[in-house]
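One letter stands for each residue in the lines below.
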Amino acid sequence: MLYFDYNATCPIRPEVVKISHEVMSCHGNASSIHGAGRAARKHVEGAREHVATLVGCAPKQVIFTSGATESNNTVLRGYADRPLLVAATEHPSVYFCGREDAITIPVKQSGLIDLKALEELLKENKKALVSIMMVNNETGVIQPTEEICALVHKYDGIFHTDAVQAAGRFPLSFKDLDVDFMSLSAHKLGGPQGVGALITRQGVNPPKFMHGGGQERRCRAGTENVAGIAGFGEAARLAVEQMDDFQALETLREKLENGLRQSSNRVRIYGEDAPRVANTTSCTVEGIDSAVFLMNLDLENVAISSGAACSSGAVKPSRVLLSMGVPEELAKTGLRISMGWNTKEAEIDQFLDKWNTCLKRMDK
Ligand code: PMP
């Protein structure tokens, strides 16, 4: 299979499978004080150090969760007493977190936050909780997180960033960014699905979401997913070690995007006027519903993602592209192509071959 859907989930790294498999065969509960428990605890704490290194914080600032959806919900629902401002381009786990009172911050055509509009909203909504993702999952656009965070703090706000599509893709420092909360997910960097983290400002406990036992500094109840956490740690370690390889994907993406442009003058690429992560291409192909294109590529054993959502047989336009001013009909054709640690240069040519075959077939 030609897998170009890393932003949906990354193929798990073999080193991660090995360690998670080994740890899964052990039977200690990380809270038990006997030898088996202490062995499990060692895996959890080792992983915490690797995750802390990945995002530039101290290990004690890392709280393991079941994934970024839980981390996002913990913060956004936890500060229900504060007005909530979220970017128009947020992931559903932020945008549809269950806070009906959420106010949308507009983005510009580039996909970057409209800072003037944000400042006005901060003046109108005192002490707001603001959630703006570091990197967009559909377009790869990188927000100026440090600048946004300083603005939020100027108005006594709390700042949360969903850094799921950022971690492991460029060096980042939680401390220097000065954000209050950051969400991470293991499966976007070659770790297992169903495990993630919430990074918290030094000395700050996040609002309690899961109640029960005293795990994770009494902040997140529930027996730790030791095998998953150990795999997350290994994935974080490898992401740090191989960060240059990820950045090198930019050359492959250039080749890919040149090929897409040559395939038809109806292809448009988004986010090019802003800084973007190296692995993501967001495009539309005028006149072809994304679901139809996706199915055609699937028949050729090629996996990509549609920016648009398909519900009850009808294609809904991509909310992210709409918010960037893309017309509705065009936004229904949104596609996302994303690469990662195991993408080979030869696969770009193979992908473009299949792309052209499908395009010709659909144009008949
Ligand atoms: N935020 C972003 C930007 C994502 O891409 C995803 C995964 N699609 C999530 C949050 C949710 O992460 P998880 O699968 O760990 O719940």
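Just so it is clear, the structure is predicted and the values come from calculations on it, not from any experiment.

Student: It is not clear to me how the pairing of strand β15 (residues 334–338) should be interpreted in this structure. Could you clarify?
Tutor: Consecutive side chains along a regular strand alternate between the two faces of the sheet. Among the 5 residues of β15, 5 are classified as buried, and the element is accordingly described as predominantly covered. Burial along β15 is two-sided: Gly 334, Arg 336 and Ser 338 facing one way and Leu 335 and Ile 337 facing the other are all buried. Here strand β10 (residues 280–285) pairs with β15 via 5 bridges, running antiparallel. Note that in β15 the partner of Thr 281 across the bridge is Ile 337. As paired strands, strand β12 (residues 305–306) and β15 are joined by 2 bridges and run antiparallel to one another. By the bridge assignment, Ser 305 is partnered in β15 with Arg 336.

Student: Looking at this model, I keep getting lost on the domain arrangement of the chain. Mind explaining?
Tutor: When the parts of a complex come together, some accessible area is lost, and that lost area is often used as the size of the interface. Per the domain assignment, the segments of the chain are domain 1 (2–9 + 245–363) and domain 2 (14–241). If you average the C-alpha positions of domain 1 and of domain 2, the two centres end up 27 Å apart. On the domain 1 side of the contact with domain 2, Val 277, Arg 319 and Met 324 bury the most area, a combined 28% of that side's loss. Where domain 1 touches domain 2, the interface holds 0 salt bridges. Contributions of two or more residues to the side of domain 1 that touches domain 2 are made by α10 (243–247), β10 and α13 (319–323). Among the elements that line the side of domain 1 that touches domain 2, the one with the most residues is α13, at 4 residues.

Student: How should I be thinking about the sheet that holds strand β4 (residues 103–105) in this particular structure?
Tutor: Sheet strands associate in pairs through backbone hydrogen bonding, adopting either a parallel or an antiparallel arrangement. The mixed open sheet is built from 7 strands, whose spatial order is β2-β8-β7-β6-β5-β3-β4. Both edges of this open sheet fall to β2 (62–65) and β4, since each of them pairs with a single strand only. Geometrically, the sheet is characterised by an average inter-axis angle of 20° between neighbouring strands, direction not taken into account. When strand β7 (residues 181–185) meets strand β8 (residues 196–200), the two strands line up antiparallel, connected through 5 bridges. Bridging from a neighbouring strand, Phe 181 pairs with Thr 200 of β8. The strands touched by helix α2 (residues 35–55) within the sheet are β2, β7 and β8, with β2 carrying the most contacts at an inclination of about 115°. Along the sheet, helix α3 (residues 68–78) contacts β2, β3 (84–87), β5 (129–131), β6 (158–162), β7 and β8; its crossing angle with β7, the most-contacted strand, is approximately 160°.

Student: Looking at this structure, how should I read the packing of helix α12 (residues 290–299) against helix α15 (residues 345–363)?
Tutor: The N-to-C vectors of α12 and α15 enclose an angle of 125°; their axes lie 10 Å apart at closest approach. As far as their axial angle goes, α15 and α12 are oblique. Classified by chirality, the crossing of α15 by α12 is right-handed. Of the residues in α15, those touching α12 at Val 292, Phe 293, Asn 296 and Leu 297 are Lys 354, Trp 355, Cys 358, Leu 359, Arg 361 and Met 362. A class-by-class count of the residues in the contact of α12 with α15 yields 7 nonpolar, 1 polar and 2 charged.

Student: Help me understand the sheet that holds strand β9 (residues 267–270), please; the structure alone is not making it clear to me.
Tutor: Ordered by their spatial adjacency, 4 strands build an open sheet running β9-β10-β15-β12, and the pairing between neighbours is antiparallel. Looking at strand neighbours, the two that pair on one side only are β9 and β12, the edges of this open sheet. Here β9 pairs with β10 via 4 bridges, running antiparallel. Looking at β10, one finds that Ile 269 is bridged to Cys 283. This element, helix α11 (residues 249–263), spans β9, β10 and β15 of the sheet and lies at about 5° to β10.

Student: Honestly, the site of the ligand in this entry has me stumped. Any pointers?
Tutor: Around the ligand lies a shell of 13 residues, among which Thr 69, Asp 162, Gln 165, Ser 185 and Lys 188 are the nearest. Here a nitrogen atom of the ligand sits 2.6 Å away from a polar atom, N or O, in the side chain of Asp 162. Contact between the ligand and Lys 188: a nitrogen atom at 2.6 Å from a side-chain N or O atom of the residue. Here the ligand loses 84% of its free accessible area of 400 Å² to cover by the protein chains. When the residues that make up the shell around the ligand are grouped by side-chain class, the tally is 3 nonpolar, 8 polar and 2 charged.

What counts as what
Residues numbered from 1 in each chain as written. Predicted model: local features only at pLDDT ≥ 70, side-chain atom pairs only at ≥ 80, totals over all residues. Heavy atoms only, no water. Buried < 20%, exposed > 50% of the residue type's maximum accessible area, 1.4 Å probe, protein only. Helix = DSSP H or I, 4+ residues; strand = E, 2+ residues; numbered from the N terminus. Pairing = 2+ DSSP bridges. Domains from an automatic or database assignment. Buried area = accessible area lost by both parts, 1.4 Å probe. Salt bridge = Lys/Arg side-chain N within 4 Å of Asp/Glu carboxyl O. Axes fitted to C-alpha atoms, helices over the stretch in contact; angles between N-to-C directions. Contact = heavy atoms within 4.5 Å. Parallel < 35°, antiparallel > 145°, perpendicular 65-115°, else oblique. Left-handed = near helix turned anticlockwise from the far one by under 90°. Nonpolar A, V, L, I, M, F, W, Y, C, P; charged D, E, K, R; others polar. Near = heavy atom within 4 Å. Polar contact = N/O pair within 3.5 Å; in protein donor to acceptor, adjacent residues only side chain to side chain. Areas by Shrake-Rupley, 256 points an atom, 1.4 Å probe, with all protein chains shown as cover.

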